[in-house]
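# A look at the structure
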Amino acid sequence: MEFTKGHGTANDFVILPDPDGALDLTPEKVAAICDRRRGLGGDGVLRVVRAARHPDGIALAGEAEWFMDYWNSDGSFAEMCGNGTRVFVRYLLDTGLATPGDGDLPVATRAGIVHARVAGDAVAVQMRRPRLYAASTAALGGLALPGTAVDVGNPHLVCPLPAGLDLAGLDLTRAPHVDEDLFPHGVNVEFTAPGDAVDGGDPHVLMRVYERGSAETLSCGTGACAVAAVALYDAGRETGTVAVDVPGGRLTVTVDEGSCWLSGPAVLVATGTITLV
Ligand SMILES: N[C@@H](CCC[C@H](N)C(=O)O)C(=O)O
């Protein structure tokens, strides 16, 4: 079958077109596709299905033609993927499955409808406003790092590093330990440090992430939204724009009264065919 490879700030995905939902995709097949040695390699799979043809999308079919069926690289599902949605939109437009109309392009996801806007290399998606809901801790290599739990449609724990700890030096080859009662379905853990001042005086944050279901990735869009919401809260603000630098590049997050815009580059890099066994 056909595939396309794409990424958003080096968060990379294998895109599988399956308009009628006919593909027998299983966790094992997704894990095999995402294997970086034995497969194509990717942080996740984006299956492109008509909303009306997927059980998780059918209720949204009146609002969006396409459903982003997102899978993590270990074969698990997630409710939402910010960078994935941005790459998904790039794919819809480049392949002509959607046309850039006058308004925003709606995409159905497990976390509801997301609206997208394209400007040159950048794709921006409007998601729900992040909700800060609990204090918790991530344990990493003997360190106990306090953080804030944030719901962006999927779960996050944002842990600003104490002064003196080097973000680049963290060992993220293993999953941080988290409170399994607070996060019964797992959690994405973001570690942050303050960035240099940026023009306009908006907050600027450096971030690394250990993703549920995909281990360390070079970027996480929903994670950047969670990090931005915490940075604004810490600055005594409810709304504003935050530059979030991840190992794969820069994401810009604007939190307003009712939503959160995530913007950054989204590119397609290869197409080909694979045999799914
Ligand atoms: N990289 C994504 C998030 C993907 C889902 C996550 N691993 C989860 O299980 O919630 C993003 O860009 O948001």
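Residues numbered from 1 in each chain as written. Predicted model: local features only at pLDDT ≥ 70, side-chain atom pairs only at ≥ 80, totals over all residues.

## Looking at unusual backbone geometry
- Residues other than glycine seldom take positive phi values, yet Ala-10 does so here, at roughly 70 degrees.
- Within the secondary structure, Ala-10 is located in the loop between strand E1 (2–8) and strand E2 (11–17).
- Even without glycine at this site, Ala-215 takes up a positive phi of about 65 degrees.
- Residue class for Ala-215 comes out partly exposed when judged on the 16 C-beta atoms lying within 10 Å of it. (Helix = DSSP H or I, 4+ residues; strand = E, 2+ residues; numbered from the N terminus. Buried ≥ 20, exposed ≤ 12 C-beta atoms within 10 Å, placed from the backbone.)

## Section: the site of the ligand
- Not every one of the 17 residues close to the ligand is listed here, only the nearest: Ala-78, Asn-83, Asn-154, Gly-221 and Thr-222.
- Element by element, the count of residues in the shell around the ligand is highest for helix H2 (residues 82–94), at 3 residues.
- Classifying every residue of the shell around the ligand by side-chain character gives 3 nonpolar, 12 polar and 2 charged.
- Counting the residues that make up the shell around the ligand, at least three belong to each of domain 1 (2–124 + 265–273) and domain 2 (131–257). (Near = placed C-beta within 6 Å. Nonpolar A, V, L, I, M, F, W, Y, C, P; charged D, E, K, R; others polar. Domains from an automatic or database assignment.)

## Here we look at the domain arrangement of the protein
- Assigned domains within the protein: domain 1 (2–124 + 265–273) and domain 2 (131–257).
- The centre of domain 1, based on its C-alpha atoms, is set 24 Å off from the matching centre of domain 2.
- Opposite the 19 residues of domain 1 that make contact, domain 2 presents 19 residues.
- Ranked by residue count, the leading element in the side of domain 1 that touches domain 2 is H2, at 3 residues. (Contact = placed C-beta atoms within 7 Å.)

## Overview of the pairing of strand E17 (residues 267–273)
- In terms of burial, E17 is largely open, as just 0 of its 7 residues are buried.
- Alignment of E1 against E17, held across 6 bridges, turns out to be antiparallel. Across the sheet, residue His-7 finds its bridge partner in E17, namely Val-267. (Pairing = 2+ DSSP bridges.)

## What to know about the pairing of E2
- Taken across its 7 residues, E2 has 6 buried, putting it largely inside the fold.
- For E1 and E2, the ladder comprises 5 bridges, and the chain directions are antiparallel. Bridging from a neighbouring strand, Lys-5 pairs with Val-14 of E2.
- Sheet analysis places E2 next to strand E3 (residues 44–50), joined by 5 bridges and oriented parallel. Counted as the bridge partner of Phe-13 is Gly-44 from E3.
- Handedness of the crossover joining E2 and E3 through helix H1 (residues 27–34) is recorded here as right-handed. (Right-handed = clockwise from strand over helix to strand, strands pointing away.)

## Some details on the nonpolar core
- In terms of nonpolar packing, the biggest core is built from 72 residues, with Val-107, Ala-224, Cys-225, Val-227, Ala-228, Val-244 and Val-253 touching the most fellow members.
- Of all the elements, helix H3 (residues 221–234) adds the most residues to this core, at 9 residues. (Core = buried A, V, L, I, M, F, W, Y, C linked by C-beta atoms within 7 Å.)

## Some words on H3
- Helix length check: H3, at 14 residues, gives a terminal C-alpha distance of 20 Å against a target of 20 Å (1.5 Å per residue), a fit within 8%.
- Counting buried residues along H3, 12 of its 14 residues qualify, which places the element largely inside the surrounding structure.
- Turning to H3, its buried residues are Gly-221, Thr-222, Gly-223, Ala-224, Cys-225, Ala-226, Val-227, Ala-228, Ala-229, Val-230, Ala-231 and Leu-232.
- Following H3 by one or two positions, Gly-236 has its phi on the positive side, about 75 degrees. (Expected span 1.5 Å × (residues − 1).)

## Remarks on the environment of Ile-15
- Relative to the elements of secondary structure, Ile-15 occurs in strand E2.
- Ignoring sequence-local partners within four residues, the contact set of Ile-15 consists of Phe-3, Thr-4, Gly-6, Leu-46, Val-48 and Tyr-91.

## Overview of H2
- Helix length check: H2, at 13 residues, gives a terminal C-alpha distance of 19 Å against a target of 18 Å (1.5 Å per residue), a fit within 8%.
- Most of H2 is tucked away, with 11 of its 13 residues classed as buried.
- Looking at H2, one finds that the buried residues are Gly-82, Asn-83, Gly-84, Thr-85, Arg-86, Val-87, Phe-88, Val-89, Arg-90, Tyr-91 and Leu-92.
- Once H2 finishes, Gly-96 follows within two positions and takes phi at roughly 80 degrees, a positive value.

## So, the environment of Ala-22
- Within the secondary structure, Ala-22 is located in the loop between E2 and H1.
- A tally of 8 C-beta atoms within 10 Å means that Ala-22 is categorised as exposed.
- The sequence separation of Ala-22 and Arg-53 amounts to 31 residues, and the corresponding C-alpha distance is 8.8 Å.

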